[in-house]
Amino acid sequence: MGYYNDHTKEDSQRADRQRRKTRWAGIAGAVIGALLVVFSVPFLYESGLYPGTAEEAPPEQMDNQTQPDEIAFEDEQKNVNLSVSSDTTEAVEKISGAVVGVFNLQQSEFWEEDQEGSGANQGTGSGVIYKVEGDSAFVVTNHHVIEGASQVEVSLSDENRVNAEIVGSDVLTDLAVLRIEAGGVETTAEFGNSDNLNVGEPAIAIGNPLGTNLSRTVTQGIISAVERSIPVDLTGNGQPDWNAEVIQTDAAINPGNSGGALVNINGQLIGINSMKIAQSSVEGIGFAIPTSVAIPVIEDLEATGEVERPQMGITLRAISEIPSYHWQETLQLPPEVESGIFITNVVSGTPADEAGLEQYDVITAINNTQIADGHDLRRYLYTEISMGETVEITFYRDGEQRTTELTLNAQQSF
């Protein structure tokens with residue numbers, strides 16, 4: 001009886017093991033079968049062996065199995081084109097046709113001929129067409145772009161080059177006006193008001209940064225600062241002769257961009273780019289002459305070919321440029337005087353000489369307007385005073401405050 005029970009139990013256990021083996025074999029078979037179906041269906045579908053494939057696929061789809069991908073690609077391209085259209089592209093389209101190349105041709109000797117053998121050395125810059133009047137179109141550019149030219153040519157947006165006449169130029173503001181024939185001119189720039197600019201708003205520079213090979217290059221940035229005052233050496237003696245009032249931007253401005261356009265997001269001209277007052281050793285800092293400064297100069301250049309400015313007939317320095325102990329010991333200023341300009345020289349026969357001003361007099365005000373440095377003086381004389389006008393000068397001599405009247409006449413050229 002015990003033997004029978006042991007044998008029966010052994011048979012039962014063997015049967016259980018067999019059933020488990022059979023169940024796992026079934027599961028493994030199902031998994032393998034499923035994998036075979038997954039990997040084989042795409043092949044069968046593409047080869048037309050999948051049931052219903054040949055009958056259901058349209059003939060045009062059978063001829064070009066990649067057509068669905070191509071349609072999706074075209075739709076994607078269409079969406080991209082729509083997404084990149086912006087105020088910037090519209091601004092560029094509005095004014096880019098008015099941006100031109102300016103070529104400074106200087107006659108050379110035959111042994112110094114340029115590569116084209118024309119006998120003329122060539123410099124390049126940029127300019128902006130701002131007006132068409134009758135048969136003439138007017139271009140504003142930089143003074144240093146056309147300085148020393150025996151001939152000037154302008155390259156229009158259609159790449160045609162035409163002769164240009166220099167109407168006038170101004171070394172102080174680094175501006176010049178050219179006249180060309182109006183034929184072929186299709187776009188003129190619209191002036192914007194640079195006085196309304198805000199730091200941080202978009203700025204777009206357009207010009208020929210490295211010559212005609214990169215004509216009408218567009219760079220974008222922001223207005224980094226407004227009403228910057230940058231000292232400029234006009235005579236090459238290493239001393240600043242003028243403080244240029246400029247717009248600062250981080251839009252890339254490179255050699256050849258000089259005279260090109262600085263544009264706001266509305267496509268309006270807000271400044272004339274200038275490399276003359278930039279430094280090649282720094283990046284992300286460019287300057288442009290604001291339209292608030294440029295427009296009066298342009299009008300004067302159109303009218304008379306030059307800009308007449310009143311002069312006093314002195315050379316000067318700000319007292320902030322010298323050690324403070326000289327304020328009392330040398331200039332004998334009272335302690336309450338903390339700003340002003342002192343005269344280093346008075347030119348004989350000038351308004352300052354006739355008004356009795358002397359070396360080391362310290363000017364602190366004109367017509368009760370405070371003068372802290374040379375920039376303040378020039379800005380007041382050139383923007384607030386007319387030629388021939390008489391002004392009241394407040395100054396200190398030997399520690400005593402005095403006043404004198406001075407009648408301004410035309411400034412001598414640099």
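Along each chain, residue indices are assigned from 1 in the same order as the chain's sequence is written. With pLDDT at 70 or above as the cut-off, local features in this predicted model cover only qualifying residues; side-chain atom pairs require 80 or more to be listed or tallied, and sums for whole chains, interfaces and linings still use all residues. For side-chain calculations, the full set of non-hydrogen atoms in the structure is used, while hydrogens and water are omitted.

1. Considerations on the pairing of strand 18 (residues 390-397)
On any regular strand, side chains alternate: one points to one face of the sheet, the next to the other face. Note the cut-off: Here's how the labels work: a residue is buried when its accessible area is under 20% of the maximum for its type, exposed when over 50%, partly exposed in between, all with a 1.4 Å probe on protein chains only. Helix numbers and strand numbers start at the N terminus; a helix is a DSSP run of H or I with at least 4 residues, a strand a run of E with at least 2. Any two strands with at least two DSSP bridges between them are considered paired.
The element strand 18 is extensively covered by neighbouring structure, given that six of its eight residues are classed as buried. As paired strands, strand 16 (residues 362-366) and strand 18 are joined by four bridges and run antiparallel to one another. In the sheet register, A365 faces strand 18, and the bridge partner there is T394. Where strand 18 lies against strand 19 (residues 400-407), eight bridges are found, and the strand directions are antiparallel. Across the sheet, the residue bridging to Y396 is Q401, located in strand 19.

2. Remarks on helix 10 (residues 374-384)
Our working rule: Any pair of nitrogen or oxygen atoms within 3.5 Å is treated as a polar contact; in protein, a donor-acceptor pairing is required on top of that, and neighbouring residues in sequence qualify only through side-chain atoms on both sides.
Regarding helix 10, the residues found buried are G374, H375, D376, L377, Y380 and L381. Sitting at the amino-terminal end of helix 10 is D373, which places a side-chain oxygen 2.9 Å from the backbone nitrogen of D376.

3. Observations concerning the nonpolar core
Formally: Take the buried residues of types Ala, Val, Leu, Ile, Met, Phe, Trp, Tyr and Cys, join any two whose side-chain atoms come within 4.5 Å, and each joined set is a nonpolar core. Here a residue-residue contact requires only that any non-hydrogen atoms of the pair lie within 4.5 Å.
The biggest cluster of nonpolar side chains holds 41 residues, and the ones touching the most others in it are I95, I129, L178 and I180. Once residues lying within four places of it in the same chain are set aside, the contact partners of I95 are A189, I206, A261, V263, G267 and L269. Membership of the second largest hydrophobic core comes to 20 residues, among which are I343, V346, Y380 and I385.

4. Structural notes on the environment of F287
Along the chain, the position of F287 falls in strand 12 (residues 286-290). For the pair F287 and S224, spaced 63 residues apart in sequence, the C-alpha to C-alpha distance is 9.6 Å.

5. A word on empty space enclosed by the protein
The condition that has to hold: With a 1 Å grid spanning the protein atoms alone, the term cavity applies to any set of points in which a 1.4 Å probe fits but cannot get out, the term pocket to an open set with protein on both sides within 12 Å along at least five of seven lines, and the term lining residue to any residue with an atom within 4 Å of a point. Grid points are joined across faces, edges and corners, and a volume is the space filled by probe spheres set on the points.
Applying the stated criterion across every chain yields a total of one cavity of 30 Å³ or more. The calculated volume of the largest cavity comes to roughly 30 Å³. Every residue along the wall of the largest cavity is listed here: G97, I129, L156, S157, G184, V185, E186 and T187.

6. Quick look at the packing of aromatic side chains
To be explicit about the condition: Here a Phe, Tyr or Trp ring, Trp counted by its six-membered ring, pairs with any other such ring whose centre lies within 6.5 Å, and the pair is stacked when the planes are under 30 degrees apart, edge-to-face when over 60, and tilted otherwise.
With the rule as written, the count across this model stands at two aromatic pairs. Taken together, a centroid distance of 6.4 Å and an interplanar angle of 40° make the contact between Y130 and F138 tilted. What makes F138 buried here is its relative accessible area of 5%. Between Y130 and F191, the ring centres sit 5.8 Å apart and the planes meet at 50°, which makes this aromatic pair tilted.

7. Some remarks on the pattern of salt bridges
Worth spelling out the cut-off: Think of a salt bridge as a Lys or Arg side-chain nitrogen and an Asp or Glu carboxyl oxygen that are within 4 Å of each other.
This structure, assessed with the given rule, holds 10 salt bridges. Notably, a salt bridge pairs R161 with E153, separated by 2.7 Å at the nearest N-O pair. Salt-bridge contacts for D361 lead to R397; the nearest nitrogen and oxygen are separated by 2.8 Å. On the criterion of sequence distance, the pair formed by D361 in the loop between helix 9 (351-354) and strand 16 and R397 in strand 18 is long-range, its members being 36 residues apart. Neither residue differs from the other here; D361 and R397 are each classed as buried. Among the charged side chains, a network of salt bridges with common partners joins K131, E133 and E302.

Remember, this is a structural readout, not a statement about activity or role.
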